[in-house]
Amino acid sequence: MAKPVTVTDDDFEQQVLQSDIPVVVDFWAPWCGPCRVIAPILEELAKEYDGKVKVAKVNTDDHQRWMSKFGIMAIPTMIFFKNGKEINRIVGAGPKRMLKEAFDAAVAE
């Protein structure tokens, strides 16, 4: 079963930008309530989209280089990447239906 992968500043490029499938990166922090709300949803979607979309998590308390590079001002922020380019961004927690639509769009694009 696919699970979200933990990504650091050091392996972000390899895990995300060089991935051959779309990647959604969840920029989060342990103290963030909305981040904890969407975590189980992202785990479900990681299983549902196994092999189609990779779910990556960046703890912004520990790894800030890419957070600042992408101008993230609030968490949770989920950025969808395909072929190393940003194709979508969701700021804040939302219902599973909304996230699923974004996953579907990433696969279809």
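Under the annotation held in an unreviewed UniProt entry, the chain carries the name Thioredoxin and is attributed to Roseiflexus castenholzii. As recorded by UniProt, the Sequence similarities (unreviewed entry) comment attached to the chain reads in full: "Belongs to the thioredoxin family."

Okay, the sheet that holds strand E2 (residues 23–28) next. Within the open sheet, the five strands sit side by side as E1-E3-E2-E4-E5. Their pairing is mixed. Looking at strand neighbours, the two that pair on one side only are strand E1 (5–6) and strand E5 (85–91), the edges of this open sheet. Note that E2 and strand E4 (residues 77–82) share five bridges and pair antiparallel. Bridged to Phe27 within E4 is Thr77. Along the sheet, helix H4 (residues 96–108) contacts E2, strand E3 (54–59), E4 and E5; its crossing angle with E4, the most-contacted strand, is approximately 15°.

In the numbering adopted here, UniProt assigns the feature "active site" (unreviewed entry) to Cys32 and Cys35. If you trace the backbone, Cys32 turns up in the loop between E2 and helix H2 (33–48). On the accessibility criterion, Cys32 (3% relative accessible area) is buried. The contacts of Cys32, once residues within four sequence positions are left out, are Ile75 and Pro76. Assignment of secondary structure puts Cys35 in helix H2. For Cys35, a relative accessible area of 2% gives the class buried.

A word on the packing of H2 against H4. The N-to-C vectors of H2 and H4 enclose an angle of 35°; their axes lie 11 Å apart at closest approach. The handedness of the crossing between H2 and H4 comes out as right-handed. Between H2, through Ile41, Leu42, Glu44, Leu45 and Glu48, and H4, the contact on the second element is made entirely by Lys96, Leu99, Lys100 and Phe103. In terms of residue class, the contact of H2 with H4 is made up of five nonpolar, no polar and four charged.

Before going further, it helps to examine the pairing of E3. When a strand is regular, its side chains alternate between the sheet's two faces. Most of E3 is tucked away: five of the six residues are buried. The pairing of E1 with E3 spans two bridges and is classified as parallel. Opposite Thr6, over in E3, you have Lys57 as the bridge partner. Regarding the hand of the β-α-β motif, the stretch spanning E2, H2 and E3 is right-handed.

Another point: the nonpolar core. The biggest cluster of nonpolar side chains holds 18 residues, and the ones touching the most others in it are Phe12, Val16, Val25, Phe27 and Phe70. Where this core is concerned, the elements lending two or more residues are helix H1 (12–17), E2, E3, helix H3 (65–69) and E4. Counting residues per element, this core draws most heavily on E2, at three residues. Apart from residues no more than four positions distant in its own chain, Phe27 is found in contact with Phe12, Val58, Thr60, Trp66, Met67, Phe70, Ile72, Ile75, Pro76, Thr77 and Ile79.

Parameters and conventions
Residues numbered from 1 in each chain as written. Predicted model: local features only at pLDDT ≥ 70, side-chain atom pairs only at ≥ 80, totals over all residues. Heavy atoms only, no water. UniProt positions renumbered as here; feature names shortened; annotations may be inferred. Pairing = 2+ DSSP bridges. Helix = DSSP H or I, 4+ residues; strand = E, 2+ residues; numbered from the N terminus. Contact = heavy atoms within 4.5 Å. Axes fitted to C-alpha atoms, helices over the stretch in contact; angles between N-to-C directions. Buried < 20%, exposed > 50% of the residue type's maximum accessible area, 1.4 Å probe, protein only. Left-handed = near helix turned anticlockwise from the far one by under 90°. Nonpolar A, V, L, I, M, F, W, Y, C, P; charged D, E, K, R; others polar. Right-handed = clockwise from strand over helix to strand, strands pointing away. Core = buried A, V, L, I, M, F, W, Y, C linked by side-chain atoms within 4.5 Å.

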